[in-house]
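Per-entry structural report
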Amino acid sequence: MSMITADPQDVPHVQSFTFAPEYLEKAKEQIAHYPPGRQASAVIACLDLAQRQAGGWLPRAAMDHVAQLLDMAPIRVYEVATFYTMFQLKPRGKYLLQVCTTTPCWLRGSDAVMKACRSVSGVGPGEISADGLFTTVEVECLGACVNAPMMQINDDFYEDLDEDSTHRLLEAFKRGETPKPGPQVDRQTSAPVGGPTTLTSIPGGAAPRDR
Amino acid sequence: MPKMKIDGIDIEVPAGISVLQACEMAGVEIPRFCYHERLSIAGNCRMCLVEQEKAPKPIASCAMPVMDGMVIKTNTPAVKKARNGVMEFLLVNHPLDCPICDQGGECDLQDQAMAYGYDRSRFHENKRAVPDKDLGPLVKTSMNRCIQCTRCVRFATEVAGVEELGATGRGEQMEITTYVHKTLSSEMSGNIVDLCPVGALTSKPYAFNARPWELRKTESVDVMDALGSNIRIDTRGAEVMRVLPRVNEDVNEEWIADKTRHAIDGLKRQRLDRPYVRRDGKLKPASWGEAFEAIAARLKDVPGTKIAAVAGDQCDAEAMVALKDLMAALDGARVECRQDGAALDASVRGAYLFNAGIAGIDKADVILLLGTNPRWEAPVLNARIRKRYLAGKVKIALIGDTPVDLTYPVEHLGHGPSTLRDLADGKLAFADVLKGAKNPMIIIGQGALRRSDGPAVLAQARALAETVNAVRADWNGFCVLHTAAARVAGLDLGLVADGGIDGIYAGGEKGDIEVVYLLAADEVDTKRLGKAFVIYQGHHGDVGAHRADVILPGAAYTEKPGVYVNTEGRVQLAKRAGFPPGDAREDWAILRALSAALGKALPYDTLDQVRQRLVKANPVFGAIDQQAPGAWGAFGRSGDVAEAAFVSPIGNYFMTCPISRASQTMAECMANRQPQAVAAE
């Protein structure tokens, strides 16, 4: 969990942060979801937007800007930002590899996925690869156990991985491609591998209740 | 009113209270850590679990409202087991360092672990380690001990009004922190030490100094501001170890300001412990007899009109009445208590009191701050205004300048007397707000009165109060906020001279006044006393003592029994916590001895007789702990006003009196605060 808490003294200092016009527009749209005076409810959405604009992590200046925008005390924003694992408080690679290592994924081979991530990025969990592309973190269950093992790369789930497919996936990212998210085996979302196994034919005759 | 049954006791309780409060009313004690009467409910420590009939699980009694027909059980095996379990979890990450912990002996966790805990642990892993935080020179942290009750976070947010503390991270990573490595910028931060139920936050100046069972506890009254906060002075031998608040709902609730709590190390420094007499331009140690002789020799044949006395900001009423009587015996020499030159009118009691009372703030619906910065003049009163703001439906406006955030939104009407005039004439929109208010309150600070046009400002304020119907039989919203603890008692004793302090300065400069008696008066401009012979009676080698020709060592507020009257006119009794150092004596006794040396012996020999004299001088002194209402009448003087803005008399919160100026802790607070003040600019 090394990515979750980071002392603001240990991360690069970012002098200032303000929302770019397109992000500000989105933030205002989020704030408009709540009644006047309740704008603080938009804090998670605004922090997410700030994180996207700042390159995948939240410098203190970005949190302060959100606090100012929402008229909140800065500490209240820090509390939210440190609570949720979706907010990164120190810089990370271009691609954040969140490998699920909770029991179902682990039983289905998440260790091999971790191994592949390490060998492609060349660094261990929490560190940024030399080319600045990858940061691997171990995370708890992402709720895709039926497609175990899996990992989340930035906003997308890549599922049904093994060591080879993880290698292929990351090499593709290295080449600047964006592989197709979802299962990396012959499978439609979480349907059975190799095609349907039930309900394969349309039953003839009258419906059972009419028989 | 809901009827309920608690441990078999039938009880009827007010609607809307919690089960925990109901249990207390029934006389059943419920252990708790996060719950505190004066803070919002968090419900996160789970120590207050009780059993409710027909509920599937134990309930957190602090967060459960009472309902009709509830049956609560607090002494069943299930409750005992629940408490055991909660305590075991709380202790999982709590270090077993009680022998080196300053909270030892007055620790809620220690006490409750003994009373409700289980006597062993099943946790064999490493305890978590949390970095300590720097919360400033007053609060020492040991964050490993924190059980995350969040009382300190809620206090800072709700009462102190500085949202700087928070709980970051989650689960095992949760920490109480400011996150950005800053110290608390509150004048009430010391209170979080009292609130902390464990030893995570302890007092830094008091660290490793004493154990609670070694201390003698004396009930007293604070003199650092005019609020008269009720305090408990803890002493070991002759040394004052610490000051803690006492609960008084009408005055300070259970908070005290940082200066009240931590200026006490100033009591050990720069003390006057023997008389001095100036010989050949230098102050030389002397005996009491020599000092009295020097005074008697100088006073011989000096008419009373050429003698003036000034009473200081922290004097007890006994000393002031003795001073008054002594000066009267010296052919009616003048006595003045308004050192700062404030245009206070002693003829009408309602003219110088915080008439609505401090608790009256809770009832006010419009508050006008006039030339005052309550955050620095009386931090606890400021917290009360914030409490009123949080309760809702109140408008607060300010005329004057304040260098700090008052911790609640304030409508800034203007800077000086012209705004006040416009308001009284109804030219400002806020005038209608004041007129429409049910209980309007006008708080007049010394910043509005200690100026040459003070009487006119006072008259304007009175006119405004009467126009907006703030003075009625059932409500008097005309509130003067003093900065000096001794001021109201001084005015009650009529220690006002024609011309005020400026008249004394003028006399000193012209040579009309030959002798000046300073009774612990250190805020006077000693340069303007001319060639006058200055007798200084006080406890610290401060401004007055430097100028003095004779020094008579007196007692500080912890070292004498005394009567003080706070800004709302409440007469309060302080007890003696220790004795003054060396040859120093109680102040009224010094005046009594001096009067005998001058051949004009005052007619009292014991403290009781002095107090009888006090009551004779003004009957209000007879009503201890009562807020005697002030009479209303005409006061102030119409006249021209200057344009200058109202400026609060306190430019530096941490150093306002001889004691706080001598305090190292206060100096550290100042040094700590300055970088922030600079950064804010």
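Going by the structure above, here's the rest.
Counting restarts for each chain: residues are numbered from 1 in the order of the written sequence. Following the order in which they are written, the chains are lettered starting with A and the ligands numbered starting with 1. Local features in this predicted model are restricted to residues of pLDDT 70 or higher, and side-chain atom pairs are both shown and tallied only at a pLDDT of 80 or more, whereas totals for entire chains, interfaces and linings draw on every residue. Derived side-chain values reflect all non-hydrogen atoms in the structure, with water molecules and hydrogen atoms excluded from consideration.

1. Focus: the packing of helix α8 (residues 317-329) of chain B against helix α19 (residues 607-617) of chain B
If you want to describe how two helices pack, look at the angle between their axes and the distance between the axes. All names here are of chain B. For the pair α8 and α19, the least separation of the axes is 10 Å and the interaxial angle reads 75 degrees. On the basis of the axis angle, α8 is roughly perpendicular to α19. Here α8 contributes A317, E318, V321, K324 and D325 to the contact with α19, which in turn contributes L607, V610, R611, R613, L614 and A617. In this analysis, axes come from line fits to C-alpha atoms, helices being fitted only over the stretch in contact, and the angle between any two N-to-C directions falls in the range 0 to 180 degrees. Runs of H or I in DSSP of at least four residues are treated as helices and runs of E of at least two as strands, each being numbered from the N terminus. Each angle gets one of four labels, with under 35 degrees taken as roughly parallel, over 145 as roughly antiparallel, 65 to 115 as roughly perpendicular, and the rest as oblique. Should any heavy atoms of two residues lie within 4.5 Å, those residues are considered in contact.

2. Looking at the pairing of strand β2 (residues 9-12) of chain B
Residues and elements named next belong to chain B. The rule for pairing is simple: two strands pair if DSSP sees at least two bridges between them. For strand β1 (residues 3-6) and β2, the ladder comprises four bridges, and the chain directions are antiparallel. What sits directly across from I6, in β2, is I9. Turn length for the β1-β2 hairpin, with the two strands adjacent in sequence and antiparallel, is two residues, and the turn residue D7 shows positive phi of about 50 degrees.

3. Remarks on the side chain of E336(B)
All names here are of chain B. By the element assignment, E336 lies in strand β16 (residues 334-336). For the exposure calls, accessible area comes from a 1.4 Å probe over protein chains only, and a residue counts as buried if that area is under 20% of its type's maximum, exposed if over 50%, partly exposed in between. The exposure class assigned to E336 is buried, which follows from its relative accessible area of 0%. In terms of polar contacts, E336 uses its side chain to reach the backbone amide nitrogen of A497, at 3.0 Å. In contact with E336, other than residues within four places in its own chain, are A309, V310, A311, L495, V496, A497, G500, I501 and I504. The definition of a polar contact used here is a pair of N or O atoms within 3.5 Å, where within protein one atom must be able to donate a hydrogen and the other to accept one, and adjacent residues in sequence count solely through side-chain atom pairs.

4. As for the packing of helix α7 (residues 288-299) of chain B against helix α18 (residues 587-597) of chain B
Residues and elements named next belong to chain B. Direction vectors running N to C along α7 and α18 enclose 60 degrees, while the axes themselves pass 10 Å from each other. With respect to α18, the element α7 is oriented oblique. Two packed elements cross with a definite hand, and for α7 against α18 that hand is right-handed. Residues W288, F292, I295 and A296 of α7 form the contact with α18, whose participating residues are I590, A593, L594 and A597. Left-handed is the label given to a crossing in which the near helix is rotated counterclockwise from the far helix by less than a right angle, and right-handed is the label when the rotation is clockwise.

5. Details of the interface of chain B and chain A
When the parts of a complex come together, some accessible area is lost, and that lost area is often taken as the interface size. If you look at the interface, chain B gives 16 residues, while chain A gives 17 residues. The quantity reported as buried area is the accessible area (1.4 Å probe) lost by two parts once they are put together, taken as the sum for both. Interface of chain B and chain A: buried area, both sides summed, is about 1400 Å²; carbon and sulfur atoms make up 60% of it. Looking at the side of chain B facing chain A, the largest losses of area belong to E163(B), R170(B) and Y179(B), adding up to 46% of the total buried there. Here, a salt bridge means any Lys or Arg side-chain nitrogen found within 4 Å of an Asp or Glu carboxyl oxygen. Along the contact surface separating chain B from chain A lie one salt bridge. Across the salt bridge formed by R76(A) and E163(B), the nearest N and O atoms sit 2.6 Å from each other. For the pair chain B and chain A, the number of links is seven residue pairs in polar contact (both at pLDDT 80 or more). Elements represented by at least two residues in the side of chain B that touches chain A include exactly α4 (151-160) and β7 (166-168) of chain B. It is β7(B) that provides the largest number of residues to the side of chain B that touches chain A, a total of three residues.

6. Thoughts on the sheet that holds strand β13 (residues 276-279) of chain B
Residues and elements named next belong to chain B. The seven strands lie next to each other as β14-β13-β24-β23-β22-β15-β16, forming an open sheet whose pairing is mixed. Both outer strands of the open sheet, β14 (282-285) and β16, are each paired with one neighbouring strand and no more. Within this sheet the neighbouring strands show an average axis-to-axis angle of 20 degrees, counted without direction. Note: β13 against β14, four bridges, orientation antiparallel. Bridge assignment links Y276 to a residue of β14, and that residue is P285.

7. Looking at the nonpolar core
Residues and elements named next belong to chain B. Counting 113 residues, the largest nonpolar core has I367 and M441 as the members making the most contacts within it. It is α4 that provides the largest number of residues to this core, a total of six residues. Ignoring any residue separated from it by four or fewer positions in sequence, one finds M441 in contact with F354, A356, G357, G360, I361, A364, V366, I367, L368, W475, G477 and C479. Nonpolar core, defined: a set of buried Ala, Val, Leu, Ile, Met, Phe, Trp, Tyr and Cys residues in which side-chain atoms within 4.5 Å join the residues together.

8. Points about the environment of N144(B)
Residues and elements named next belong to chain B. With respect to the helices and strands, N144 occurs in the loop between β6 (139-141) and α4. Once you skip the residues sitting within four places of it in the chain, N144 turns out to touch N93, H94, P95, R128, A129, V130 and D132. Engagement of the side chain of N144 in a polar contact is seen with the backbone nitrogen of V130, the distance being 2.6 Å.

9. Details of the sheet that holds strand β17 (residues 366-370) of chain B
Residue and element names in this part refer to chain B. Ordered by their spatial adjacency, five strands build an open sheet running β19-β18-β17-β20-β21, and the pairing between neighbours is parallel. At either margin of the open sheet sits one strand with a lone partner, and together these are β19 (411-414) and β21 (478-481). Neighbouring strand axes in the sheet, compared pairwise and without regard to direction, differ in orientation by 25 degrees on average. Pairing geometry for strand β18 (residues 395-399) and β19, over three bridges, is parallel. Of the residues in β19, the one forming a bridge with L398 is H412. Here helix α10 (residues 379-391) sits on the sheet in contact with β17, β18, β20 (440-445) and β21, set at roughly 150 degrees to β17. In this fold helix α12 (residues 429-436) packs onto β17, β18, β19 and β20, with an angle of close to 125 degrees to the strand it touches most, β17.

Remember, this is a structural readout, not a statement about activity or role.
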